[in-house]
Amino acid sequence: LPPFRPQWGTPPLRNLSVCFCGSGRNYKAAHADMAALVVRGVRDMLKRADFATVQRRQRHKKKWASTEPKFPATRLALQNFDMTYSVQFGDLWPSIRVSLLSEQKYGALVNNFASGDHVSAELEQLKARDFVNEAIFHREPEPENSQTAAPSPASWACSPNLRCFTFTRGDVSRFPPARLGSLGLMDYYLMDAASLLPVLALGLQPGDTVLDLCAAPGGKTLALLQTGCCHVRDKNRVRVTSWDGRKWGELEGDTYDRVLVDVPCTTDRHSLHEEENNIFQRSRKKERRMLPMLQVQLLAAGLLATKPGGHVVYSTCSLSHLQNEYVVQGAIELLDNQYSIKVQVEDLTHFRKLFMNTFSFFPSCQVGELVIPNLMANFGPMYFCKMCRMT
């Protein structure tokens, strides 16, 4: 028998009675009968206590602290978010919280290297829409008597040749799994459509030299290549390295026209749903605390690798302003103080207006733009900020 642990509602052992009747049999037989009765009584008691539902790996003694079941990382992440984001977002946090815990919405990025025309037609038959081209070609012109300054071309120009289909707000339909086309390539790629916004904001132009400083797992790199604008160096081959991104400013300073810095972060949605590679595991507490410093170092390296006049987009999939606005401000101050390099943050208000029908944006973001999850449009979170290196 497994070790017995009484639970609430379990009859105490003293209520178990065993009766003996003189039958003339010898002592050994009476002892065997008594043992059988005790075993049967204990088994009945265990069944009433529903002990069988307790998994073996969860049975423990309180005094053995090393075997005490620990909180899973997903629960620790939710506790952390409840403490911090309830203060940061106030009344918006309950809505964001429910959306984060609900099923994510996806977009279908059309693969331009496959036979894309029939793919777009098939996606349109599903009642999906190309949110990128719909926003760009149907944008409203600025009124002539507008009091606001017209946005600079660099602030609203979107990277070209990207087609990404999504279902309309409130439509929770799913795309069918992507399949190989006639050329042996995927027809489209399923991804969080909000992750396309940093690539669009980068505003690639034909012939640009482009650096994706933190390329893994590669979703945004894939989108960058779809634009057809990336100037390929080193004998017509895309270069992939495992060098430390924090040192890139020293290795290739003043080199690139466009730099994407999609830094490691707390990956808020992933942290609430997956135990694997979860940064809220107790063993990764120090790593989590050091994230903002790492992010500042990576963004500073990206800015140093950019040519004067070039542009950098910084992005995370976190809601935390410690990893978003504060990192941008810290990197700009670092370059000003240590390198006398001036960096200007681009106004993305016009860019945000282009995509308001598809995504929900946080209205009080001081620097950059933040897509917040919403049950009607459950994309994100995705923060992005565009900067121009002035000197």
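Positions within a chain are numbered from 1, following the residues in the order the chain's sequence is written. Local features in this predicted model are restricted to residues whose pLDDT is 70 or higher, and side-chain atom pairs enter the listing and the counts only when it is 80 or higher, whereas totals over whole chains, interfaces and linings include all residues. As a convention, hydrogens and water are excluded, and side-chain values are obtained from all of the structure's heavy atoms.

> Sorry if this is basic, but what is going on with the overall build of the protein chain here?
Each helix is a run of H or I in the DSSP string that is no shorter than four residues. Each strand is a run of E no shorter than two, and both are numbered from the N terminus. Helix and strand content of the protein chain: 14 helices and ten strands. Within the protein chain, the proportion of its 391 residues that are buried is 42%. The contact definition used throughout considers only heavy atoms, calling two residues in contact when any of these lie within 4.5 Å. The long-range fraction of contacts in the protein chain, counting pairs at least 24 apart against all pairs at least 6 apart in sequence, stands at 77%. Each residue gets one of three labels from its accessible area relative to the maximum for its type: buried under 20%, exposed over 50%, partly exposed in between, using a 1.4 Å probe on protein chains only.

> Looking at this structure, I do not really get the nonpolar core. What am I missing?
In a soluble, globular protein the nonpolar side chains are often hidden away together inside. Buried Ala, Val, Leu, Ile, Met, Phe, Trp, Tyr and Cys residues that are joined via side-chain atoms within 4.5 Å together make up what is termed a nonpolar core. Membership of the largest hydrophobic core comes to 47 residues, with the highest contact counts inside it found for Phe89, Val261, Leu299, Tyr314, Leu319, Val328 and Met387. Mapped by element, the contributors of at least two residues to this core are helix H2 (73-89), helix H3 (93-101), strand E6 (256-262), helix H12 (291-304), strand E7 (306-316), helix H13 (325-339) and strand E10 (382-389). Every residue in contact with Leu319, bar those within four places of it in the chain, is listed here: Tyr85, Gln88, Phe89, Trp93, Ile96, Leu100, Asp268, Asn324, Leu370, Ile372, Pro373 and Pro381. Core analysis: the next-biggest nonpolar cluster, separate from the first, contains 35 residues, Ala193, Ala194, Val313 and Phe361 among them.

> What's the story with unusual backbone geometry in this structure? I'm lost.
A negative phi angle characterises most non-glycine residues, just as the trans form characterises most peptide bonds. A cis amide bond links Ala216 with the next residue in sequence, Pro217, at an omega value of 5°. Mapped onto the secondary structure, Pro217 falls in the loop between strand E5 (210-212) and helix H8 (219-226). Even without glycine at this site, Asp254 takes up a positive phi of about 55°. According to the relative accessible area criterion, Asp254 is partly exposed, its value standing at 44%. Of note, the phi angle at Ser340 is positive, near 55°, even though the residue is not glycine. Relative to the assigned elements, Ser340 resides in the loop between H13 and strand E8 (343-345).

> How should I be thinking about the UniProt feature "active site" (unreviewed entry) in the protein chain in this particular structure?
According to UniProt, the "active site" (unreviewed entry) feature falls on Cys317. When you line up the elements, Cys317 lands in the loop between E7 and H13. When neighbours within four sequence positions are excluded, Cys317 is seen to be in contact with Cys265, Thr267, Asp268, Pro381 and Met382. UniProt positions are given in the numbering used here, feature names are shortened, and annotations may be inferred rather than shown by experiment.

> Can you help me understand the layout of surface pockets in this one?
The gaps of empty space that remain are located by a probe, the size of a water molecule, rolled over the atoms. A pocket, in this scheme, is an open set of points on a 1 Å grid over the protein atoms alone with protein on both sides within 12 Å along at least 5 of 7 lines, while a cavity is a set where a 1.4 Å probe fits but cannot get out; residues line either one if an atom lies within 4 Å of a point. Grid points are joined across faces, edges and corners, and a volume is the space filled by probe spheres set on the points. By volume, the largest pocket amounts to about 1,300 Å³. Surrounding the largest pocket, 41 residues form its lining, Ala216, Pro217, Asp262, Thr267 and Cys317 being those nearest its centre. Listing elements by their share of the lining of the largest pocket, those giving two or more residues are H8, helix H10 (268-273) and H12.

> Please explain the environment of Ile372 as it appears in this structure.
Position of Ile372 relative to the elements: it lies in the loop between strand E9 (369-371) and E10. Residues Ile372 and Phe362, ten residues apart in the sequence, show an inter-C-alpha distance of 6.1 Å.

> Where do I start with the packing of aromatic side chains in this structure?
The geometry of two aromatic rings is summed up by the distance between their centres and the angle between their planes. Aromatic contacts are taken between Phe, Tyr and Trp rings whose centres are within 6.5 Å, Trp giving its six-membered ring; a plane angle under 30 degrees counts as stacked, one over 60 as edge-to-face, and the others as tilted. Under the criterion given, the structure shown has 14 aromatic pairs. Ring centres of Trp243 and Trp248 lie 5.3 Å apart, and the angle between their planes is 40°; this geometry places the pair in the tilted category. For Trp243, a relative accessible area of 47% gives the class partly exposed. An aromatic cluster of three or more residues is present, and its members are Phe131, Phe351, Phe355, Phe359, Phe361, Phe379 and Phe384.

> How do you make sense of the sheet that holds strand E1 (residues 107-110) when you look at a structure like this?
Whether parallel or antiparallel, the strands of a sheet pair through hydrogen bonds between backbone atoms. Whether two strands pair comes down to DSSP finding at least two bridges between them. Read from one edge of the open sheet, four strands run E2-E3-E1-E4, paired in antiparallel fashion. Two strands close off the open sheet at either side, each with one partner strand: strand E2 (129-130) and strand E4 (188-191). Direction of pairing for E1 relative to strand E3 (residues 164-166): antiparallel, over a ladder of two bridges. When the bridges of E3 are listed, Ala108 appears paired with Phe165.

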